[in-house]
Amino acid sequence: MDSQVDLQQTADNSTPAESTDHPLRMTRQQTLTLISMASVNFSSMICYSILAPFFPNEAVKKGASQTVIGLIFGCYAVCYFISSLIMGKYIVQIGAKFMLVMGLFVSSGCTILFGLLNRVPAGPIFITLCFVVRSIDALGFAAAMTSSFAITVKIFPNNVATVLGSLEIFAGLGLILGPPVGGWFYQSFGYEVPFMLLGCFLLIMVLFNIYVLPNIDSDSSKDSFFRLLTNVKVILICYVIFTQSAGLGFVDVSLSLFAMERFNLSSGYVGLIMLGLSLPYCLASPVIGYFTDKYPSTRSWFMVIGGVAIAIAFAMLDPVPFLHIPSNLWLLIIMLGVIGFSLGMTVIPAFSEILTCANEQGYEEGLSTLGMVSGLYEAFWSIGMFYGPIVGGLITQHLSFEWAAAVQGGLALLGALLLAVYNLCHPPQHQRSVREDLRTDENTPLLTE
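Thresholds applied
- Residues numbered from 1 in each chain as written.
- Predicted model: local features only at pLDDT ≥ 70, side-chain atom pairs only at ≥ 80, totals over all residues.
- Heavy atoms only, no water.
- Helix = DSSP H or I, 4+ residues; strand = E, 2+ residues; numbered from the N terminus.
- Buried < 20%, exposed > 50% of the residue type's maximum accessible area, 1.4 Å probe, protein only.
- Contact = heavy atoms within 4.5 Å.
- Areas by Shrake-Rupley, 256 points an atom, 1.4 Å probe, with all protein chains shown as cover.
- Polar contact = N/O pair within 3.5 Å; in protein donor to acceptor, adjacent residues only side chain to side chain.
- Patch = residues over 30% accessible without salt bridge, like charges linked within 9 Å, V, L, I, M, F, W, Y side chains within 5 Å.
- Salt bridge = Lys/Arg side-chain N within 4 Å of Asp/Glu carboxyl O.
- Core = buried A, V, L, I, M, F, W, Y, C linked by side-chain atoms within 4.5 Å.
- Axes fitted to C-alpha atoms, helices over the stretch in contact; angles between N-to-C directions.
- Parallel < 35°, antiparallel > 145°, perpendicular 65-115°, else oblique.
- Left-handed = near helix turned anticlockwise from the far one by under 90°.
- Nonpolar A, V, L, I, M, F, W, Y, C, P; charged D, E, K, R; others polar.
- Phe/Tyr/Trp six-rings, centres within 6.5 Å; stacked < 30°, edge-to-face > 60°.
- Expected span 1.5 Å × (residues − 1).
- Bend = angle between axes of the 7 residues up to and from the residue.

1. Some points on the overall build of the protein chain
Counting secondary structure elements, the protein chain contains 18 helices and zero strands. Buried residues in the protein chain amount to 60% of all 449 residues. Partitioning the intrachain contacts of the protein chain with sequence separation of at least 6 by distance along the chain shows that 86% fall at a separation of at least 24. Total accessible area computed for the protein chain in this model is approximately 18,400 Å², and 68% of it derives from carbon and sulfur atoms.

2. Structural notes on the side chain of Lys 233
Within the fold, Lys 233 resides in helix H11 (residues 232-263). Separated by 3.2 Å, the side chains of Lys 233 and Ser 300 make a polar contact. Setting aside anything within four residues of it in sequence, one finds Lys 233 in contact with Ser 300, Glu 353, Cys 357 and Tyr 422.

3. Quick word on a nonpolar patch on the surface
A surface patch of nonpolar side chains, about 860 Å² in accessible area, is lined by Val 78, Ile 82, Ile 86, Tyr 90, Ile 94, Phe 98, Met 102, Phe 105, Leu 203 and Phe 386. Listing elements by their share of the nonpolar patch, those giving two or more residues are helix H4 (66-89) and helix H6 (96-114). In this structure, Ile 82 sits in helix H4.

4. Focus on the nonpolar core
Grouped together as the largest cluster of nonpolar side chains are 121 residues, with contacts concentrated most on Phe 55, Leu 104, Phe 114, Leu 255, Leu 317 and Ile 354. Contacts of Ile 354, omitting those with residues within four sequence positions, involve Leu 228, Val 234, Ile 237, Cys 238, Ile 241, Val 373 and Leu 376.

5. Observations regarding the packing of helix H14 (residues 299-317) against helix H17 (residues 401-425)
Axis angle and axis distance: for two packed helices, these are the angle between their axes and the distance between the axes, and together they describe the pair. Across the interface, H14 lies against H17 with an axial gap of 7 Å and an inter-helix angle of 160°. As judged from the angle between their axes, H14 and H17 are roughly antiparallel. Note on packing geometry: the crossing formed by H14 with H17 is left-handed. Contacts between H14 and H17 involve Ser 300, Trp 301, Met 303, Val 304, Gly 307, Val 308, Ile 310, Ala 311, Phe 314 and Leu 317 from the first element and Phe 401, Ala 405, Ala 406, Gln 408, Gly 409, Ala 412, Leu 413, Ala 416, Leu 419, Ala 420, Asn 423 and Leu 424 from the second. Classifying every residue of the contact of H14 with H17 gives 17 nonpolar, five polar and no charged.

6. Re the packing of aromatic side chains
Per the counting criterion, the structure on display carries seven aromatic pairs. Judged by centre distance (6.4 Å) and plane angle (55°), the rings of Phe 250 and Phe 314 are tilted. Here Phe 250 is found in helix H11, whereas its partner Phe 314 is found in helix H14, with 64 residues between them in sequence. Aromatic ring contacts, followed pair by pair, group Tyr 239, Phe 242 and Tyr 387 into a single cluster.

7. Here we look at H11
Between the first and last C-alpha of H11 there are 44 Å, a value that for 32 residues agrees with the 46 Å anticipated at 1.5 Å per step. Its axis deflected by about 40° at Ser 254, H11 carries its strongest bend there. Where burial is concerned, most of H11 is hidden: 27 out of the 32 residues are buried. A distance of 2.9 Å separates the backbone nitrogen of Lys 233 from a side-chain oxygen at the start of H11, and that oxygen is part of Asn 231. Looking one or two places after H11, you find Asn 264, whose phi comes out positive at around 55°.

8. Details of the pattern of salt bridges
Tallied over the entire structure, the rule returns three salt bridges. Between Arg 119 and Glu 192 there is a salt bridge, and its shortest N-O distance comes to 2.8 Å. Remark: Glu 192 occurs in helix H9 (residues 192-212) and Arg 119 occurs in the loop between H6 and helix H7 (124-155); sequence separation between them is 73 residues. Lys 233 is the partner of Glu 353 in a salt bridge, and the nearest nitrogen-oxygen pair spans 2.6 Å. Note that Glu 353 is positioned in helix H15 (residues 329-360) and Lys 233 in helix H11, a separation of 120 residues in sequence. With relative accessibility at 15%, the residue Lys 233 sits in the buried group. Connected through salt bridges with shared partners, the residues Lys 233, Arg 299 and Glu 353 form a single ionic network.

9. Regarding the side chain of Ser 300
Within the fold, Ser 300 resides in helix H14. Given the relative accessible area of 5%, Ser 300 is considered buried. Apart from residues lying up to four places away in sequence, Ser 300 is in contact with Lys 233, Glu 353, Leu 419 and Asn 423.

10. Comments concerning the environment of Gln 397
Position of Gln 397 among the secondary structure elements: in helix H16 (residues 367-398). We classify Gln 397 as partly exposed; its relative accessible area is 41%. Spatially, the C-alpha atoms of Gln 397 and Ser 254 are 9.8 Å apart, while their sequence positions differ by 143 residues. In contact with Gln 397, not counting residues within four places along its chain, are Gln 66 and Thr 67.

11. Thoughts on the environment of Met 87
Tracing the chain through its elements places Met 87 in helix H4. Met 87 gets classed as buried once you look at its relative accessible area, which sits at 13%. Met 87 sits 52 residues away from Leu 139 along the chain, and the two C-alpha atoms are 9.4 Å apart. Aside from chain neighbours lying at most four places away, what touches Met 87 is Ile 94, Met 99, Leu 139, Ala 143 and Thr 146.

So this is what it looks like as C-alpha cells:
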C-alpha cells in the first residue's frame, strides 16, 4: 500500500526527537494507530484511577491498615517495574501488537476478579488475593503500555511529544472519569459493579485493537538498558519521572481518606475533587507536547519548572505546620490543579529527551530501541508508584498527611534542581536536523557524545 511505503520512508529518514515545521497529513495506518493508542491510554487510566475514591475505605472494612493499603497499590508498581523492563527488552521477539492485545486481555480478567474480592472473608485471605490479582493485572498493563509507547513513537517519529501529549488527553479523560464514575457506581450499586463494567469495557478494547492496530516488524538489537543508564542526563530524567509518579501515587492512595476525615466528604465528592488534578493535566499535555516538539531545547527546562511548581504545590496541599497556613478545601483543589498542570510540563517532554539521549549514544533506530526506552520510562514510573503509596502511607500513618505531602514535594524539588544544574553545565548546542543532514549526505551518522 502507498501509505505503508510513505510511512516506512518517514520512519527511516527522520529521528524521533526532531520537530517539523509542516506536519504531514496522516496516513490511514497512522490514523488507526492514533485511535488505538487513545483507547489504550483511556482504558488504562480509568482502570488505575477508579480505585482511588472507594477502595481504601473498602479495604479498611476488610481489615487492612493504611500501610497495607499502600502495599497493595505498591505491589502493582513492583510487578509493573519488572514486567516493563522485560517487555521492553523482548518486544521484538514477542511482537508489539500481540503484547498489547494480550496485555489488555489479562487486565480485563483481573479487573473482573478484583470486583469479586468483596465476597471473600476479611483479613489475610482478602489481603492476599488483593496482592495476587493486582500483581497479575500489573503484568498485563505493563505489556500494554510498554508496547503502546513503542508503537506510537514508531508510527509518529517526527512528532513524539505532540502525539504523546495529545494522547494524554484521553489518559486525562480516564483520570477525570475514573474517580467520579467509580465513586458514583460504588455508592449507587456497590463494590462489584464498577469493576464488572470496566472489565467488559477492556474486553471490547481487546477486540477493537485486534482489528485496528497495525503489525510492526523490526529486527532485534544488542543494545541494553545498562548502557543507556550510563548517560547522566538519562539518570536525572529517570529520577524526575520517579518523583512525579511517586507524588501521583501518594495522592491517589492518601488523599481520599484525608479529604473524608478533614472535610467530611463522601466518596463521590472525593472523586470530583480529583478533577482538580486530572483536568489541568488533560488540557496542558497537548499544548506542552506541541511546544516542546517545535522547540526541543526547552524540554529540559520545562521539566525543571514543572518540578519546582509541583514541590511548592505539595507543600501547600495541606500546608506544612511551619507555614502557619490553615487547611482549606479551596486551597487543596487549587494545589491539585497546579500539580496536574506541572505534571504535564514534566512528564510529556521526558520520553523524547530519553530517546534523544539514546540516539546520541548510537542506539539503532527501530522498534527494539523504542521498546527499551519505553520499558525504562515505564519502569521508573512504576518505581515511583511503588514508593509514593507505601512511604506516603507510612508517613501519613505515623506523622500526618501534611508532612507526607511535604516529603513528596521535597523529592520533586531535588530532581528539578539536579536537572537544572546539569542543564547549566551542559547547554544544548545548535544542531541541524537529521532530515537536513540526510539531504546533504545520506550516510551521515548520528552524533554521539
